[in-house]
Amino acid sequence: MYKISLLLLALAFTRTVLAQSSAGRISGSILDENKQPLPAATVLLLKAGDSTLVKSTLSNLGGNFTFEQLTAGRYILSVSMIGYAKQLTPPLIITAAGTPLAVPAISLAPVVNALKTVTVTAQKPLIEIQADKLIMNVQSSITATGNTVFELLQKAPGVSVDQSDNIMLNGRSGIMIYMDGKQTYLSPGDLINLLKNMRSDQISKLEIISNPSAKYDAAGRAILNIVTIKNKNFGTNGSISAGTGVMFGPTVAATETNGVLGYKSLGLSPRYNTALSLNNREGKVNVFGSLNYSNTQSSNNATSARTVTNTLYDEYTYRFNMIHNINYKAGADYFVNKNTTIGILISGNDGHFENPSPSMINDYVKTTGGVLQSSLRTTSEVEYAWANTTFNANFKHTFDTTGRELTVDVDHSIYNNRGQEHGLNTHFFDANGQENAAPLLITNDIPNIYNITAAKLDYALPMKNKSKLEIGAKSSWVNSDNDFRYYKNGAMDAGRTNHFIYTENINALYGTFSKEFSPRWSLQAGLRMEYTNADGNSVTLDQNTNHQYVNLFPSFFLKQVIDKNNEISYSYSRRIDRPAYSRLNPYINFADPYSYEIGNENLQPQFTNSFGVNYTFRHSIILSLGYSSTTNLMAQVFKNATDDPATYARVVASTVGTNVDPSKITYVTTENFATQDILNLGVTFPINFTNWWTANNNFAVQYVKYQGKVSNSSLDYSVVPYNFYSSQVFKLSNKVSLEASINYNSKNRYTQIRVKEQYQVNLGIRKSLWDSKANLSLTVNDIFATNAFYGVVNTTGIHNTSANRPSNRVASINFSYKFGNTNVKSARSHSTAAADERNRAN
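A quick note: this is a predicted structure, and the numbers were derived from the prediction, not measured.

Quick notes on the overall build of the protein
Phase 1: Of the regular secondary structure elements, the protein holds 4 helices and 51 strands.
Phase 2: The proportion of buried residues among the 842 residues of the protein is 54%.
Phase 3: Residue pairs in contact within the protein that sit at least 24 positions apart in sequence constitute 69% of those at least 6 positions apart.
Phase 4: Accessible surface, the protein as shown: approximately 34,600 Å² in total, 58% of it carbon and sulfur.

Focus on the pattern of salt bridges
Phase 1: Scanning all chains against the criterion turns up 18 salt bridges.
Phase 2: Its salt-bridge partner being Arg-578, residue Glu-530 comes within 2.6 Å of it at the nearest N-O pair. With Glu-530 in strand 33 (residues 521-538) and Arg-578 in the loop between strand 35 (566-577) and strand 36 (588-592), this pair connects stretches of sequence that are 48 residues apart. For the residue pair Glu-530 and Arg-578, the accessibility class agrees, reading buried in each case.
Phase 3: A single network of salt bridges, built from pairs that share partners, joins Arg-418, Asp-445, Asp-483 and Arg-485.

Describing the environment of Arg-377
Phase 1: Looking at where Arg-377 falls in the secondary structure, it is placed in strand 26 (residues 372-380).
Phase 2: Sequence separation between Arg-377 and Phe-428 is 51 residues, and the spatial gap between their C-alpha atoms is 6.8 Å.
Phase 3: Those residues within four positions of Arg-377 in sequence are excluded, and the remaining contacts are Met-360, Ile-361, Asn-362, Asn-425, Thr-426, His-427 and Phe-429.

With respect to the packing of aromatic side chains
Two aromatic rings are characterised by how far apart their centres lie and by the angle between their planes.
Phase 1: Scanning all chains against the criterion turns up 22 aromatic pairs.
Phase 2: Seen from their ring centres, Trp-692 and Trp-693 are 6.2 Å apart, and the 20° between their planes marks the pair as stacked.
Phase 3: By relative accessible area, Trp-692 is classed as buried at 13%.
Phase 4: Seen from their ring centres, Trp-692 and Phe-730 are 6.4 Å apart, and the 35° between their planes marks the pair as tilted. A residue pair is termed long-range when its members are at least 10 positions apart, and Trp-692 in the loop between strand 40 (666-690) and strand 41 (693-710) and Phe-730 in strand 43 (residues 722-731) qualify at 38 residues.
Phase 5: Residue Phe-730 is classed as buried on the basis of its relative accessible area, which comes to 0%.
Phase 6: An aromatic cluster is built from Phe-699, Tyr-722, Phe-724, Tyr-744 and Tyr-759, whose rings are joined through pairwise contacts.

Digging into the environment of Tyr-706
Phase 1: Tracing the backbone shows Tyr-706 in strand 41.
Phase 2: Separated by 73 residues in sequence, Tyr-706 and Leu-633 have C-alpha atoms that sit 9.5 Å apart.
Phase 3: Those residues in contact with Tyr-706, other than ones at most four positions away along the chain, are Leu-633, Thr-675, Gln-676, Leu-715, Asp-716, Tyr-717, Arg-749, Tyr-750 and Thr-751.
Phase 4: A distance of 2.8 Å separates a polar atom in the side chain of Tyr-706 from a polar atom in the side chain of Gln-676.

Let's talk about the environment of Thr-795
Phase 1: Checked against the element boundaries, Thr-795 lands in strand 49 (residues 789-795).
Phase 2: Judged by its relative accessible area of 17%, Thr-795 is buried.
Phase 3: Put simply, Thr-795 and Ser-713 are 82 residues apart on the chain and 7.8 Å apart in space, counted from C-alpha to C-alpha.
Phase 4: Beyond its immediate sequence surroundings of up to four residues, Thr-795 is in contact with Leu-715, Arg-749 and Gln-752.

Things to note about the nonpolar core
Phase 1: Counting residues in hydrophobic clusters, the biggest one holds 22 residues, and the most contacted among them are Phe-590, Tyr-596 and Ile-665.
Phase 2: Where this core is concerned, the elements lending two or more residues are strand 28 (405-430), strand 29 (440-463), strand 30 (467-488), strand 36 and strand 37 (595-598).
Phase 3: No other element matches strand 29, which puts 3 residues into this core.
Phase 4: Not counting the four nearest positions on each side in its chain, Tyr-596 is found in contact with Arg-496, Ile-588, Asn-589, Phe-590, Val-651, Ser-654, Thr-655, Ile-665, Thr-666, Tyr-667 and Val-668.
Phase 5: Core analysis: the next-biggest nonpolar cluster, separate from the first, contains 20 residues, Leu-38, Val-43, Leu-92 and Leu-108 among them.

A look at unusual backbone geometry
Phase 1: Located in the positive-phi region is Lys-35, a residue other than glycine, with phi close to 65°.
Phase 2: Of note, Lys-35 is situated in the loop between strand 1 (24-31) and strand 2 (42-47).
Phase 3: Positive phi outside glycine occurs at Ala-785, with the angle close to 55°.
Phase 4: When you line up the elements, Ala-785 lands in the loop between strand 48 (774-781) and strand 49.

So, the pairing of strand 40
Phase 1: Judged from the 3 bridges that link them, strand 37 and strand 40 form a sheet pairing that is parallel. Pairing of Ser-595 across the sheet is with Thr-666, part of strand 40.
Phase 2: Sheet topology places strand 39 (residues 621-640) next to strand 40; 17 bridges connect them, and they run antiparallel. Bridged to Ser-624 within strand 40 is Gly-682.

Concerning helix 4 (residues 645-654)
Phase 1: Buried residues of helix 4: Thr-647, Val-651 and Ser-654, and no others. What you see down the axis of helix 4 is that its buried residues fit within an arc of 55°, all on one side. Of the exposed residues in helix 4, the ones pointing more than 90 degrees away from its buried face are Pro-645 and Ala-646.
Phase 2: Those residues of helix 4 that are buried lie in contact with strand 30, strand 37 and strand 40.

Digging into a nonpolar patch on the surface
Phase 1: On the surface, Phe-611, Val-613, Leu-623, Leu-625, Tyr-627, Leu-679, Leu-681, Tyr-703 and Val-720 cluster together into a nonpolar patch covering about 770 Å² of accessible area.
Phase 2: Counting residues per element, the ones that place at least two in the nonpolar patch are strand 38 (606-617), strand 39 and strand 40.
Phase 3: On the basis of relative accessible area, Phe-611 is assigned to the partly exposed category, the value being 42%.

Remarks on the pairing of strand 23 (residues 311-335)
Phase 1: Inspection of the sheet shows strand 22 (residues 285-308) paired to strand 23 by 24 bridges, in the antiparallel sense. Looking across to strand 23, one finds that Ser-294 is bridged to Asn-325.
Phase 2: Where strand 22 folds back on strand 23, the antiparallel hairpin that results is connected by 2 residues, among which Thr-309 adopts a positive phi of roughly 40°.
Phase 3: In this sheet, strand 25 (residues 359-367) lies alongside strand 23 in antiparallel orientation, the contact comprising 8 bridges. Among the inter-strand pairings, Thr-317 is bridged to a residue of strand 25, identified as Ile-361.

A look at the confidence of the model for the protein
Phase 1: When pLDDT is averaged across the protein, the result is 82; 84% of the residues are at 70 or more.
Phase 2: Taken together, the stretch residues 113-122 has pLDDT below 50 and engages in 17 contacts with residues farther than four places along the chain or on a different chain.
Phase 3: Note that pLDDT drops below 50 for residues 823-829; the model gives that stretch 22 contacts with residues more than four away or on any other chain.

About the thresholds
Residues numbered from 1 in each chain as written. Predicted model: local features only at pLDDT ≥ 70, side-chain atom pairs only at ≥ 80, totals over all residues. Heavy atoms only, no water. Helix = DSSP H or I, 4+ residues; strand = E, 2+ residues; numbered from the N terminus. Buried < 20%, exposed > 50% of the residue type's maximum accessible area, 1.4 Å probe, protein only. Contact = heavy atoms within 4.5 Å. Areas by Shrake-Rupley, 256 points an atom, 1.4 Å probe, with all protein chains shown as cover. Salt bridge = Lys/Arg side-chain N within 4 Å of Asp/Glu carboxyl O. Phe/Tyr/Trp six-rings, centres within 6.5 Å; stacked < 30°, edge-to-face > 60°. Polar contact = N/O pair within 3.5 Å; in protein donor to acceptor, adjacent residues only side chain to side chain. Core = buried A, V, L, I, M, F, W, Y, C linked by side-chain atoms within 4.5 Å. Pairing = 2+ DSSP bridges. Arc of directions from axis to C-beta. Patch = residues over 30% accessible without salt bridge, like charges linked within 9 Å, V, L, I, M, F, W, Y side chains within 5 Å. pLDDT = per-residue confidence, 0-100.

And the structure:
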């Protein structure tokens, strides 16, 4: 933290020196209807001639604002705030002499019907609070530039990632990832792969929805909605961007000789990206498309020390990865008339992952006293390819000016993925380093094919007395074909091979009713019913499981406006988390000779009841209190192979003909084993230190309690973790801004795993060019290389200490340019039907 403080002080000093050379200055104050200072009002400085934006700021706690470093010219001010009518000033003139101009106090008058959400026409604040969500405006963040979307998510308030890349929100797992309001239908692994290959330049904002309404699919304890950039203009227009960067790999422990560690530098890994988007809107037709390419190289290091039945296994792993990926989107909207629109859309991503050089895993088998008994050296060469495509047809009709509206979406998604292990080759050595057994060669071929069809219909009916009824229906059909083919020394490995076919049909009906009883009280209540029919068939094991169930998911939202500065909202929702398709496959995945991952065909859904109370002050500061209770909790658990007789029999079969002792094997699986209760308290608040230094901050603390059993051992404990996020923005000049941010997660515990604190500091600078049509940015993420995972498992007869250090420290430079017409209203955007299912596909 000392380094961070020095960094911020240096930035502030640099900005102060540069500010001394400013040419002109405009200052003033904002007052409310009672002539009291009005903080957090949005003040835009516009050119008087064409109303183009020059600068923007927020009034401070005293209602004051200042614009500095202004060139000679004519300007106007636009002042707005939620609940007040916007005010425009007469033209203001800055002369060549740069004489400071003090504007008379500007008073804002309240409006009768205040807007419920923030609408900003220029640069949006980094963090926005709305009645049902927290919004992170990605385009307002300098340090977000040049990141992948996966890296971007880790900068969002309350978001963290565990050692398996599972995304968590305020300590809760089971978070559903949406793209433009729809689920992705991908399995956890494929979803993470997608996020690691999407560029942040494609993203407009992140929406964090803690308690979704009945209109959303019931899956997931919370929703992270990733909203991509939409082209907004008539005529022909678009954007182009390109960037390059480098990842700084750490120097890590890789080998051990006579108790002495050998180190290896993972070096530098380059990354490249480029993107093009085009839009043409003429008359009744809007045609649009985008293409994004990325080439990312990276490195990773993992270490572990696990004790199993008086035997110690010290393991050192390092690997190099290379990923090529293309994201594409193309579509058209036809505006039949002012009330009716039809559209088509095709989107997808194609990519390829490989190890440019073999990954290395070194295992040292010792007594608990540290005496070396034997060792293993495993090399691995993995290749993975994917071709995922979604087709969408949509229809929207507005019946009249009251807002009565019908929308229909139909999706069909095809996911064709193939993973291949070209050679997981293990050599066995005695304590003297002499090879003492025949090598073990494991190869595999794992094709995964998913076909997903979904259709949804939504109807909105405004009613009398400021009320509204929304009803809808959705059906989805999923067919998942996972064929795990393993080969041991060239022969089919019956112990690991498994062909699994999964089919699922979910039918849903929902209705929501909303009403504004008075300017101070409004209500929304909803109910969703879902019928699920799922069938899992292990062709190899000749096992079939079928699950059918009907569930109701109520939701409730109540808003109270105390006065113009104070609001309280109350919420409740019930949610479901269904198992990812891949985790229902009873496969055995080989990580190394003594570490497995095993699927679980008996997984059941988990259910969560969530309550929330939010207090908002002056539409900018929010205090939140939430409670959630989850039953039948699904989570990854660590077990000894000997814990379960049926599993042990399969493990023994997989080790036949090898030099591996099956009783020493540990594995990870997913089980329903506990209940989880979480109490969450959070605060989000902006600070305007000066007109050139602003900050957005978020702090949350949780109380988490688990109760359950793993392998007949009790798991009953509680933990109090916390996290905070802060972004500091410095306006160095009219066209240059600098941002420093930090995201900190305290030590925590996820079921069996105790984890140490993690944090990262990011720095970025951006310069606007060519009348703000272009931007050039330089960013450095995880400056101090502190975003690494360290965890300990010490339950159910397993003691495992592990660390995972990916190459998170990245420096990148990016350039973007917008061309064409940029001043007219936007084309429509919409969500498609196949959201939830894509989030679970493999």
